[in-house]
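The chain contents come next:
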Amino acid sequence: MTVESLAEQEGWRAEDFAARVHYRGDGDRYSVEYYAPSDCVLYWKVKGDGETAVPVGRETVPDPLRERVRIDLDAAGIDPAVEGRSL
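Within each chain, residue numbers correspond to sequence positions counted from 1 in written order. Reporting in this predicted model follows two pLDDT cut-offs: at least 70 for local features of residues, and 80 or more for side-chain atom pairs to be given and counted; totals over whole chains, interfaces and linings ignore these cut-offs and use all residues. Processing note: side-chain calculations cover all non-hydrogen atoms of the structure and skip hydrogens and water entirely.

### Here's the deal with the nonpolar core
Joining through side-chain atoms within 4.5 Å is the link that ties buried Ala, Val, Leu, Ile, Met, Phe, Trp, Tyr and Cys residues into a set, and such a set is a nonpolar core. Burial classes follow relative accessibility: with a 1.4 Å probe on protein chains only, a residue under 20% of its type's maximum area counts as buried, one over 50% as exposed, and anything between as partly exposed. Judged by nonpolar contacts, the single largest core of 18 residues is most densely connected at Leu6, Trp12, Val32, Tyr34, Val41, Val69 and Leu73. Breaking this core down by element, the ones donating at least two residues are helix 1 (2–7), strand 2 (18–25), strand 3 (28–35), strand 4 (40–46) and helix 2 (63–75). Residues are treated as being in contact if the distance between any of their heavy atoms lies within 4.5 Å. Residue contacts for Leu73: discarding those within four places in its chain leaves Leu6, Tyr34, Val41, Ile78, Pro80, Val82 and Glu83. Numbering of helices and strands runs from the N terminus; a helix is a DSSP stretch of H or I covering at least four residues, while a strand is a stretch of E covering at least two.

### Observations concerning the pattern of salt bridges
Salt-bridge detection follows one rule: a side-chain nitrogen of Lys or Arg within 4 Å of a carboxyl oxygen of Asp or Glu. A full pass over the atoms with the stated rule returns eight salt bridges. A salt bridge links Lys45 to Asp28; the shortest N-O distance between them is 3.5 Å. Of the two residues, Lys45 is situated in strand 4 and Asp28 in strand 3; the sequence distance between them amounts to 17 residues. Owing to a relative accessible area of 29%, Lys45 belongs among the partly exposed residues under this scheme. For Glu67, the salt bridge identified is with Arg70, shortest N-O distance 2.9 Å. Taken together, the residues span about one helical turn, with Glu67 and Arg70 both in helix 2 at a distance of three residues. Ionic contacts of the salt-bridge type, sharing partners, join the residues Arg13, Glu15, Arg20 and Glu33 into one network.

### Comments concerning the packing of aromatic side chains
Pairing of aromatic side chains requires ring centres within 6.5 Å, counting the rings of Phe and Tyr and the six-membered ring of Trp. Pairs whose planes differ by under 30 degrees are stacked, by over 60 edge-to-face, and all others tilted. One pass over the structure, following the stated rule, counts one aromatic pair. Ring centres of Phe17 and Tyr35 lie 6.3 Å apart, and the angle between their planes is 40°; this geometry places the pair in the tilted category. Of this pair, Phe17 sits in the loop between strand 1 (13–15) and strand 2 while Tyr35 sits in strand 3, and the two are 18 residues apart along the sequence. Given the relative accessible area of 22%, Tyr35 is considered partly exposed.

### Description of the sheet that holds strand 1
Only strands that DSSP links by at least two bridges are regarded as paired with each other. As summarised here, the arrangement of the five strands in space is 1-2-3-4-5, forming an open sheet in which the pairing is antiparallel. Of all the strands in the sheet, just strand 1 and strand 5 (53–56) have a single pairing partner and so form its edges. In this sheet, adjacent strand axes meet at a mean angle of 30° when their direction is disregarded. Bridge count between strand 3 and strand 4: seven bridges; the pairing is antiparallel. Bridging from a neighbouring strand, Tyr34 pairs with Val41 of strand 4. Packed onto the sheet, helix 2 meets strand 2, strand 3 and strand 4 and runs at close to 140° relative to strand 4. Only the stretch in contact is used when a helix axis is fitted, and all axes are lines through C-alpha atoms; the angle between N-to-C directions ranges over 0 to 180 degrees.

This is how it looks when you write it as structure tokens:
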């Protein structure tokens, strides 16, 4: 199953039908989630308290992070194009 395959990538954790990873860079923190039933990726920007996250549009996410997510998806056998899919 793709969620378990994604959880084999560095930092990813599987949770039932979804997988999640946390990234930090350029002073910002993000939580990235892949949902298998809808075959989509969501980005959340984590606030300074580490407890609050707000959904953000992928156009606001740094390109290196988006590329890393596409690489991880591909390595897990998931079409990397789903990263750019609009909801």
